[in-house]
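Chain residues, written in single-letter form:
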Amino acid sequence: MVERTLKARINATVGSFSLAVELSVPNGLIVLFGPSGSGKSTLLDCIAGLRVPDSGEILLGDQVFYDSDRKVHLPPQKRRIGYVFQRPTLFPHLTVGDNIGFGLQSWSPARRKARLDELLDLMQLRDLADRYPANLSGGEGQRAAVARALAPEPQLLLLDEPFSALESQLRKSLGEKLRSLQRKLSLPMVLVTHSRAAARELADLVVYMQAGRIQTTSTPDQLIPD
Amino acid sequence: MIDPWFSLQLSLLVASIATVIVAVFGTTIGYFLARLRFPGRNLVDAICTLPLVLPPTVVGFYMLGILGKRGWLGQYLYSFTGWTPLFTWQAAVIAAVMIAMPLMIKTSRAAIESVDPIYERAAYTLGKSRVDTLFKVTLPLAWKGLLAGVALSFTRALGEFGATLMLAGNIPGRTQTMPLAIYQAAQAGDESLALGLVIILTAASLLVMVLINRLGAKW
């Protein structure tokens with residue numbers, strides 16, 4: 001597995017809010033931590049290509065996703081970045097299986113089926129494949145959302161408050177799942193949370209944001225307890 | 001002479017063709033109005049609504065000015081092909097399209113706006129193009145509203161009178177649709193024929209609404 005470092009220098013304004021960050025994250029699980037309104041979601045949107053920054057650059061390894069000087073903006077479709085959103089975004093008109101297979105429609109049927117099977121097992125969704133999202137619990141929905149984002153083999157996974165709708169037991173088990181996936185797939189992950197406990201348990205590196213700026217970058221054990 | 005069965009068939013044919021055209025273009029315009037921010041968006045919206053608030057005869061009059069033999073576009077059509085749509089059944093289709101279009105644009109815009117854009121964003125991160133996302137995510141999620149728009153458009157087209165009269169005339173056996181036949185029967189004092197036609201038109205409209213509602217409920 002190639003070592004993929006995400007480098008981002010982003011200036012963006014959303015209304016009266018301004019985001020100005022510079023960060024370099026090595027392969028691993030990075031937690032973006034901070035109060036709501038600190039610009040964490042905006043930062044993820046810029047990395048995913050869903051929002052165009054005012055200026056700066058975004059690179060993953062040697063791939064240029066965005067560079068304002070060279071006028072490069074790769075659309076989200078070409079970035080191969082998985083994104084688990086804060087709100088539920090499983091397509092309500094598709095079953096869990098079809099949701100997970102959604103990003104694989106250009107794959108050959110055999111390969112698609114194999115990949116789908118793999119993910120259903122990986123995320124313990126085997127019995128839920130034919131259910132519609134409306135009939136899933138919060139934890140099941142979140143596992144399906146992670147499976148869907150992982151399906152097209154992304155080179156980076158972004159997770160925006162994946163635990164916000166979950167009670168603490170489920171939060172813990174999904175957190176452990178993500179942690180082990182990160183190791184197993186050697187897939188860099190950027191996880192946004194405002195939960196100090198989640199940050200401490202999961203992160204290789206904690207980036208603390210406030211008011212659109214990065215305040216500190218530290219290892220989780222340096223993070224002060226609540 | 002009034003030919004009730006011809007009028008019924010013509011009305012159904014005209015309304016069906018008009019509805020297909022309206023569904024395709026109305027949904028496209030509704031999508032642009034719902035999802036794109038462009039200068040003059042409100043003006044486009046207002047212009048698209050105009051046929052809904054103007055008397056159909058006024059819309060018909062404008063269309064005469066555009067499509068007539070000496071009309072803005074019609075003169076070229078006539079000099080190149082020797083054909084003019086005026087007083088043909090195709091003119092009845094054009095009239096129905098103009099009158100029903102605002103209903104489709106309005107309902108499809110509202111239906112598409114009710115789809116949370118986050119689903120489209122999710123589709124983009126899964127590698128889907130805008131067009132793919134439109135067909136696989138946005139339209140299926142807006143399906144019920146679109147279906148309602150189609151139902152409204154069809155029944156409105158079926159009942160179109162004013163613009164049709166201006167553009168296609170009232171030629172029995174050629175351009176006389178149901179509403180025109182009803183008008184003529186009533187004018188001629190043939191009340192039983194008028195009543196029969198009125199009941200058939202009402203039943204046809206009701207049937208379409210019920211069928212489409214059932215289709216929507218199945219989803």
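About the cut-offs
- Residues numbered from 1 in each chain as written.
- Chains lettered and ligands numbered in written order.
- Predicted model: local features only at pLDDT ≥ 70, side-chain atom pairs only at ≥ 80, totals over all residues.
- Heavy atoms only, no water.
- Contact = heavy atoms within 4.5 Å.
- Buried area = accessible area lost by both parts, 1.4 Å probe.
- Salt bridge = Lys/Arg side-chain N within 4 Å of Asp/Glu carboxyl O.
- Polar contact = N/O pair within 3.5 Å; in protein donor to acceptor, adjacent residues only side chain to side chain.
- Helix = DSSP H or I, 4+ residues; strand = E, 2+ residues; numbered from the N terminus.
- Pairing = 2+ DSSP bridges.
- Axes fitted to C-alpha atoms, helices over the stretch in contact; angles between N-to-C directions.
- Left-handed = near helix turned anticlockwise from the far one by under 90°.
- Nonpolar A, V, L, I, M, F, W, Y, C, P; charged D, E, K, R; others polar.
- 1 Å grid on protein atoms, 1.4 Å probe; cavity = no way out; pocket = protein on both sides within 12 Å on 5 of 7 lines; lining within 4 Å.
- Points joined across faces, edges and corners; volume = space filled by probe spheres on them.

**Some thoughts on the interface of chain A and chain B**
Then, number 1: Taken together, the contact pairs 20 residues of chain A with 17 residues of chain B.
Then, number 2: Contact between chain A and chain B buries roughly 1,800 Å² in total, counting both sides, with carbon and sulfur atoms accounting for 65%.
Then, number 3: Summed over the three residues of chain A that lose the most area to chain B, namely Gln77(A), His93(A) and Phe102(A), the buried surface amounts to 32% of that side.
Then, number 4: At the junction of chain A and chain B, the tally comes to two salt bridges.
Then, number 5: A salt bridge links Asp116(B) to Arg87(A); the shortest N-O distance between them is 2.3 Å.
Then, number 6: Taken together, the links from chain A to chain B amount to seven residue pairs in polar contact (both at pLDDT 80 or more).

**Considerations on the pattern of salt bridges**
Then, number 1: For the structure shown, the criterion picks out 17 salt bridges over all chains.
Then, number 2: Arg156(B) is paired through a salt bridge with Glu160(B); the nearest N and O atoms lie 3.5 Å apart.

**A look at the side chain of Asp45(A)**
Then, number 1: Relative to the assigned elements, Asp45(A) resides in helix α1 (residues 40–48).
Then, number 2: Polar contacts involving the side chain of Asp45(A) include one to the side chain of Arg121(B), which spans 2.9 Å.
Then, number 3: Those residues in contact with Asp45(A) that sit more than four places away from it in its chain are Leu50(A), Arg51(A), Tyr83(A) and Arg121(B).

**Things to note about the sheet that holds strand β11 (residues 213–218) of chain A**
Residues and elements named next belong to chain A.
Then, number 1: If you walk across this open sheet you meet the six strands as β7-β8-β9-β3-β10-β11, and the pairing is mixed. Either end of the sheet is taken by a strand with one partner, and the two such strands are β7 (81–84) and β11. Put simply, the sheet's adjacent strands are angled 20 degrees from each other on average, direction ignored.
Then, number 2: When strand β3 (residues 29–33) meets strand β10 (residues 205–210), the two strands line up parallel, connected through four bridges. The residue bridging Ile30 from the neighbouring strand is Leu205, located in β10.
Then, number 3: Where α1 meets the sheet, its contacts fall on β3, β7, β8 (156–160), β9 (189–193) and β10, and the angle it forms with β8 comes to roughly 155 degrees.

**A few points about the packing of helix α1 (residues 4–35) of chain B against helix α5 (residues 89–113) of chain B**
All names here are of chain B.
Then, number 1: Where α1 contacts α5, the two axes come as close as 6 Å, and the packing angle between them is 35 degrees. Considering how the two elements wind past one another, α1 and α5 form a crossing that is right-handed.
Then, number 2: Within the contact of α1 with α5, the residues separate by chemical class into 23 nonpolar, four polar and three charged.

**So, the pairing of β11(A)**
Residues and elements named next belong to chain A.
Then, number 1: Pairing geometry for β10 and β11, over five bridges, is antiparallel. Counted as the bridge partner of Tyr208 is Thr216 from β11.
Then, number 2: What sits between β10 and β11 in their antiparallel hairpin is a turn of two residues, with Ala211 showing a positive phi close to 50 degrees.

**Thoughts on empty space enclosed by the protein**
To find the voids left in a structure, one rolls a probe of water-molecule size over its atoms.
Then, number 1: Enumeration according to the criterion identifies two cavities of 30 Å³ or more in this entry.
Then, number 2: The volume enclosed by the largest cavity comes to roughly 50 Å³.
Then, number 3: Sorting the residues of the lining of the largest cavity by element identifies α1, α5 and α8 (143–158) of chain B as the ones contributing at least two each.
Then, number 4: Of the residues assigned to the lining of the largest cavity, the class counts are six nonpolar, three polar and one charged.
Then, number 5: As a volume, the second largest cavity reaches approximately 40 Å³.
Then, number 6: Forming the walls of the second largest cavity are Leu6(A), Leu23(A), Val25(A), Ile30(A), Leu32(A), Leu43(A), Ile47(A) and Val190(A).
Then, number 7: If you list the elements that add at least two residues to the lining of the second largest cavity, you get β2 (17–25), β3 and α1 of chain A.
Then, number 8: Its residues placed into classes, the lining of the second largest cavity shows eight nonpolar, no polar and no charged.

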